[in-house]
Structure formats: structure tokens, C-alpha cells
Amino acid sequence: MLYEFAVLQNNGVDGELYWLKHKSEFPAFDNHVRDALAKEIFMNSQLLYIPAKNSSIELWMQAQSLTSWMLYLATFIAVCAVIALMRNYWGLIIKILIRQFQPLFKVLFSDVLLTYELLLIGVACVFMTCKVDDMVLRTVLAHLGIFLVWSQSTALFTKEYLVKGYIHEIRDNFWENNKWKVIKTICFPAIIVTFAILFILYKVPQDKLYYYEVVITSLVAVYALPIWRPFEKYIYPVLIPYKDPRIERSIYSLATCTVLVLLVDAVFLYQSSEVLSYFITALTSLLTASFLILSLKVNYKHNYKNYIYLQFVTVLFLLSVLICSFYIQSVEMIWVGLIGLCVFVIVKYWEVVMHYFSWNRRAGKWAWSYLGMAVLLWLLAKGILFLLNCYYI
């Protein structure tokens, strides 16, 4: 009633008659208090319109929602496709250009100069992103620029101008004794890309995607620093306590990085704010993926102690994410926890099945496995509905 009274006043209509009609339903207070309450309610209220079913407005809203998801899906597919095409055909394109146009463009299309040209194109794409209004084109342009900046800056620092060349160079340099080479070939490109993403985020703050991506690039820049290599043997036992020389070194590095990111995520969660919430969700998503990879049985073929230990740790982490997300009422974190827990359960189910069955055996036994998978998905769906029901209550 106070809201409707404020609407009348704000539209130049005398609301006294309306007030006299409903005054008896309120406690006794003067007109000053009435006006202050009405203004406060009007300023802090939002109208929620619920269209009638089968109305044209409901159809329009559903169409808007559907097309929004289609645009997001189109953006994701386009970005992946462009990067995949560049990865698949980059070397071939360069070779064709060099072979066909060598007499005319020998200098222009040399490996080094072409790398600089592509780097400048990438920088131009980053700067042009803020001028594109269409979300799909803007996202594709931004990621094309980020990909070019990262790949070509890496090529310049490694002095390997083809993708296959500098990927092997990076893989070899990660555990290289030459610390300056590691910083130059891995950290510097990641730092450059981090600043590029921060620039895009500054210019286009409504695109929340870049909050998550800047976390990935900054983690690459920080964790690639050689300072962490000597400390790995003191950090990874938190997740891999039992010594096993047959475990791949990359798993030990992933365990070390996971522990460090877990500490950073805990600090951010303690200092929670609206801006940090994006970084918390991104870090938690990365941690969920890391724990799922670390908990795989294939990593511990010769010693199951670490495998059993990591199952308990992973379950504890995923349950902690769920409890924390319900406590802070973060929808994104709830979905991260639910999806992570579902993937974990599905992976463990198939690890048990693969332990007892082989793909070479009769298809009849696999039919029982898939039936069990259907039951498992049904139970997971019911569990998610139960949790969300508790959350909404």
C-alpha cells in the first residue's frame, strides 16, 4: 500500500484519498513518517512480472532465454573451432605462404617477421574488443587476440616459430635448471596475457567470463616461477604422502599447485567480496578439476595407498565446497560442487567396472554396467533435487 501511495505521489497524483481509505490498516504515525517509509519502500523495491501461461509475453521471454543460451553456445563453439583450426593448419598455412610467395614476400613472410605481424594483429584484436557491441563477435575477437598474443609472444621468447616447436620447448623448460629460461619462455608470456585480459575486463566489465580466465593465466605465471620447484618435495606430500618413484613428475607438480591454490582460495573466501566471488568460483572450479585428476586410479598403478588416501581427500573437498556454497549462498559455487561430486561418483563407478570387466568381453556384461550407470544417474538427479529443495527451503 505504501508502494502504491509512493507511485501516486511520484506521478503527480494526490494520494490523500488513497491514504485515507487504507489509513486504518496502519499503526498511528504522522505524515512525515508515512512519506519517508513510502519513499524508502519505493526506492528499494523491484516489480516482478509473471506472465500468464500461453501468452505472447511468455513466448517472447522463453525465446529470449533460448536465444541467449544459443548465443553463449555459439560463442563457445566458435572460439574452440577458431583455436582448433589455427592449431591444426597454422604450420601448413605458413609453409604454403613461404613456398608459394617466397620470391615476392621473402622478407615480409619470414618466420620472425610473420610472428611479429601476428603479435601485432593479436594486440589490435585485444584493443578492438571494447568497440564491438555484439557479444558473440566480441568474445571471438577477444579470444583470437589472446591466443595470438600468448602464442606469438611465446614463439619470440623461445625462438621457435611453429606451434609444435615451442610446445616441446615449454615442456622441456618447465623443469629446466636454467631458471631464466623458464621465466622467459613461460612466465613472461603468461604475464603479458594476464594484462591483456585485465585490459579487456576493464573495458568490458559486463563480460564476467574474463574474471575466470585471468585466474588461469595468473596461476600459470606464478606457478611457473622456478622458486616453487625446490619446495615441491615439501608440499606435495600433503596430497601424495606415500613415496612412489613410478608416479609421473607432472602429478607431483599438480599436487603442489593444488595445495597452493587451495590456500589462496581459502584466503579469498575469508576476505569474501563481490569482486573476489568471481575469483573464488574460478579457483574452486580449478581445484575441483585438479582433485578429480589427482584421484584417478591410472596415476597410482603400483601403489594404491595414495589412491585410497586421495579418495577421502577428494570427497572431503567436494563436500566442503557444497557446505560452504550453501552457507555463503553462492549459486555458482553450488553448481561447481554438485557437478564435481557427480563427475567424481561417475568416474569411480566406471573405475570399479573397469577393474572387473574388459572391453574384450561379451557385450551382455556391459549391458549390466550401463544399467547400473542409468540407476546411478537417477540417484544423482534425485540427490541434487533433494539438496536444492533443502537450499530453497
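Student: Is there a simple way to explain the overall build of the chain in this structure?
Tutor: Looking only at helices and strands, the chain has 16 helices and 0 strands in total. Considering only contacts in the chain between residues 6 or more positions apart, those separated by 24 or more positions represent 62%. Of the roughly 25100 Å² of accessible surface on the chain, 69% is carried by carbon and sulfur atoms.

Student: Looking at this structure, how should I read the packing of aromatic side chains?
Tutor: Geometrically, a pair of aromatic rings is defined through the distance of the ring centres and the angle of the planes. Tallying each qualifying case throughout the model produces 13 aromatic pairs. Pairing Tyr236 with Tyr252 gives two aromatic rings, centres 4.3 Å apart and planes at 40°, and the pair type is tilted. Of this pair, Tyr236 sits in the loop between helix H11 (232-235) and helix H12 (249-270) while Tyr252 sits in helix H12, placing them 16 residues apart in sequence. According to the relative accessible area criterion, Tyr236 is buried, its value standing at 19%.

Student: How should a nonpolar patch on the surface be read in this particular structure?
Tutor: Judged by side-chain polarity, Leu85, Tyr89, Leu92, Ile93 and Ile96 come together as a nonpolar surface patch covering roughly 450 Å² of accessible area. Among the structural elements, Leu92 can be located in helix H4 (residues 56-100).

Student: Sorry, what's going on with the nonpolar core here?
Tutor: Side chains that are nonpolar tend, in soluble globular proteins, to be buried together. With 46 residues, the main nonpolar core has Tyr210, Leu239, Ile240, Leu294 and Tyr300 as its most contacted residues. Listed by contribution, the elements that provide at least two residues to this core are helix H6 (111-128), helix H7 (135-158), helix H9 (179-203), helix H10 (209-223), H12, helix H13 (274-294), helix H14 (304-328) and helix H15 (331-356). At 10 residues, H13 tops the list of elements feeding residues into this core. Leaving out residues up to four positions away in the same chain, Tyr210 has contacts with Arg138, Thr139, Ala142, His143, Ile146, Ile197, Ile200 and Leu201. If you look at the next biggest cluster of nonpolar residues, it comprises 8 residues, including Leu322, Ile334, Cys342 and Ile384.

Student: How should I be thinking about H12 in this particular structure?
Tutor: Residue pairs spaced three or four apart in an α-helix point in one direction, given the helix's 3.6 residues per turn. Counted at 1.5 Å a residue, the expected span for H12 with its 22 residues is 32 Å, and the 32 Å between its end C-alpha atoms agrees. Those residues of H12 that fall on the buried side of the exposure criterion are Ile251, Tyr252, Ser253, Ala255, Thr256, Cys257, Thr258, Val259, Leu260, Val261 and Asp265.

Student: Can you walk me through the pattern of salt bridges in this structure?
Tutor: Side-chain pairs of opposite charge can arise where the charged atoms are in close proximity. Taken as a whole and judged by the stated rule, the model has 3 salt bridges. The closest approach of N and O atoms between Asp35 and Arg34, which form a salt bridge, is 3.1 Å. Judged by relative accessible area, Arg34 falls into the buried class, the value being 2%. Salt-bridge contacts for Lys348 lead to Glu351; the nearest nitrogen and oxygen are separated by 2.9 Å. Here Lys348 pairs with Glu351, and both are found in helix H15, just 3 residues apart, close to one helical turn. The pair formed by Lys348 and Glu351 is uniform in burial state, with each residue classed as buried. Each of the salt bridges in this network shares a partner with another, and the network as a whole consists of Glu16, Arg34 and Asp35.

Criteria and cut-off values
Residues numbered from 1 in each chain as written. Predicted model: local features only at pLDDT ≥ 70, side-chain atom pairs only at ≥ 80, totals over all residues. Heavy atoms only, no water. Helix = DSSP H or I, 4+ residues; strand = E, 2+ residues; numbered from the N terminus. Contact = heavy atoms within 4.5 Å. Areas by Shrake-Rupley, 256 points an atom, 1.4 Å probe, with all protein chains shown as cover. Phe/Tyr/Trp six-rings, centres within 6.5 Å; stacked < 30°, edge-to-face > 60°. Buried < 20%, exposed > 50% of the residue type's maximum accessible area, 1.4 Å probe, protein only. Patch = residues over 30% accessible without salt bridge, like charges linked within 9 Å, V, L, I, M, F, W, Y side chains within 5 Å. Salt bridge = Lys/Arg side-chain N within 4 Å of Asp/Glu carboxyl O. Core = buried A, V, L, I, M, F, W, Y, C linked by side-chain atoms within 4.5 Å. Expected span 1.5 Å × (residues − 1).

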